[in-house]
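Structural features, examined
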Amino acid sequence: MSNRWVNESRRDTWRRQAKEEGYRTRSAWKLRQIQDRYHLIRAGDVILDVGCYPGGWAQVAVELSGEEGEVIGVDLVPCIPVEGAKLLVGDITDLAIQESVVKELAQRPLNVVVSDISPDITGNWSTDQAVSIDLVAKVLDFSLPLLCAGGSFVTKVFQGTGIDELIGVLKEHFSKVRRFSPEASRNASSEVYIVCRNHQPWRTPNISLTKRWEESMSRLDGNESGEDVEPSTVGFRVLKRTEAD
Ligand SMILES: C[S@@+](CC[C@H](N)C(=O)[O-])C[C@H]1O[C@@H](n2cnc3c(N)ncnc32)[C@H](O)[C@@H]1O
């Protein structure tokens, strides 16, 4: 059996399960598995879903945050509405759409930011990877000032250069930062999720995260160990409130 066949078969399993549960995407399972491991989203939370099209993560976020919660999604591509979510169309790095998000929040802080954002793929791996990580840094610069103390941030990044440096700067904002590879994205070896918990806004440095990450990149020593990737265990204890570790 070729690896390709095995990987396709696993992806089909998650797609089938997503369909059975009424989720729009296989990716919805990734957020479920991140939640199962880290318990980021609680009932009543205000959540920003970055790169929300076609709405699989928004469905999960609505389910987890419940009737008292609020989910705001943003994507370049318009989504079919998700009941319980406000889905905006635009570029998250664009000032006008950022203002729309702030307006939707109406002074409330975000409890959780979930980002499954992926840039358009050119096929040139190093370019795509660099664009992906730069986009994530920009999402962080916009959303961290809106995130409450104790809040969480999770984002997809493409594996490769610059992740260690990004994690380094994230540790200046959060007390817990982990890489995580959900079962549903295993063997899509290009992606990994960075899970940040316990936002500590009082530690925020005076320089933008993008700038600090770029400075850190200029000191890059090429160390991409990846040893701290945590595997997922499958299981769905959604809404459990205890700390993951
Ligand atoms: C993998 S998809 C997200 C899938 C989604 N989590 C789900 O489960 O339905 C990544 C999305 O990021 C969006 N995206 C890429 N760049 C963006 C940007 N600058 N602003 C907003 N969305 C962006 C893409 O349009 C794409 O729909």
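The sections below set out a description of the structure shown in this document.

Before going further, it helps to spend a moment on the site of the ligand. Contacts to the ligand come from 20 residues, most closely from Thr25, Gly56, Asp75, Asp91 and Asp116. The separation between an oxygen atom of the ligand and a polar main-chain atom of Gly56 is 2.8 Å. Asp91 places a side-chain nitrogen or oxygen 2.9 Å from a nitrogen atom of the ligand. Considering the ligand on its own, with 600 Å² of exposed area, one finds that the protein chains cover 87% of that surface. In terms of residue class, the shell around the ligand is made up of nine nonpolar, seven polar and four charged.

On to unusual backbone geometry, then. In the segment running from Tyr53 into Pro54, the intervening peptide bond is cis, with an omega of 5°. Within the fold, Pro54 resides in the loop between β1 (46–50) and α3 (56–65). Phi is positive for Gln107, close to 75°, though the residue is something other than glycine. Take Gln107: it is sitting in the loop between α4 (95–105) and β4 (110–115). Here Gln107 falls in the exposed class, since its relative accessible area comes to 80%. Backbone geometry at Asn198 places phi at a positive 60°, although glycine is not the residue there. Secondary-structure assignment places Asn198 in strand β7 (residues 191–199).

Now for a nonpolar patch on the surface. Taken together, the side chains of Tyr53, Leu76 and Val77 present a nonpolar region at the surface, about 300 Å² in accessible area. Here Val77 shows up in the loop between β2 (70–75) and β3 (85–89). On the basis of relative accessibility, which here comes to 35%, the residue Val77 falls in the partly exposed class.

The next point concerns the nonpolar core. In this structure, Leu48, Leu166, Leu170 and Ile194 are the most contacted members of the largest nonpolar core, which totals 36 residues. For this core, the element with the most residues is helix α5 (residues 125–143), which contributes seven residues. Ignoring anything within four residues of it in the chain, the contact list for Leu48 reads Ile72, Val74, Val101, Leu110, Val112, Val113, Val114, Phe142 and Ser143. Ala61, Leu64, Val112 and Phe180 belong to the second largest nonpolar core, which has 23 residues in total.

Let's shift gears to the environment of Ser65. Inspection of the secondary structure puts Ser65 in helix α3. Each C-alpha atom of the pair Ser65 and Ala43 lies 4.1 Å from the other, and the pair is 22 residues apart in sequence. Aside from chain neighbours lying at most four places away, what touches Ser65 is Ile41, Arg42, Ala43, Gly44, Asp45, Ile47, Glu70 and Val71.

Under the definition given, this model contains ten salt bridges. With a shortest N-O distance of 3.9 Å, Glu21 and Arg32 are connected by a salt bridge. On the criterion of sequence distance, the pair formed by Glu21 in helix α1 (residues 3–21) and Arg32 in helix α2 (residues 27–38) is long-range, its members being eleven residues apart. A salt bridge links Glu172 to Arg212; the nearest nitrogen and oxygen atoms lie 2.5 Å apart. Residue Glu172 is found in the loop between α6 (163–170) and β6 (174–181), and its partner Arg212 is found in helix α7 (residues 209–218); the two are separated by 40 residues along the sequence. Taking the relative accessible area as the measure of exposure, Glu172 reaches 31% and is therefore partly exposed. Each member of the salt-bridge network shares a partner with another, and the members are Lys30, Asp116, Lys156 and Glu191.

Reading the values: rules and limits
- Residues numbered from 1 in each chain as written.
- Predicted model: local features only at pLDDT ≥ 70, side-chain atom pairs only at ≥ 80, totals over all residues.
- Heavy atoms only, no water.
- Near = heavy atom within 4 Å.
- Polar contact = N/O pair within 3.5 Å; in protein donor to acceptor, adjacent residues only side chain to side chain.
- Areas by Shrake-Rupley, 256 points an atom, 1.4 Å probe, with all protein chains shown as cover.
- Nonpolar A, V, L, I, M, F, W, Y, C, P; charged D, E, K, R; others polar.
- Helix = DSSP H or I, 4+ residues; strand = E, 2+ residues; numbered from the N terminus.
- Buried < 20%, exposed > 50% of the residue type's maximum accessible area, 1.4 Å probe, protein only.
- Patch = residues over 30% accessible without salt bridge, like charges linked within 9 Å, V, L, I, M, F, W, Y side chains within 5 Å.
- Salt bridge = Lys/Arg side-chain N within 4 Å of Asp/Glu carboxyl O.
- Core = buried A, V, L, I, M, F, W, Y, C linked by side-chain atoms within 4.5 Å.
- Contact = heavy atoms within 4.5 Å.

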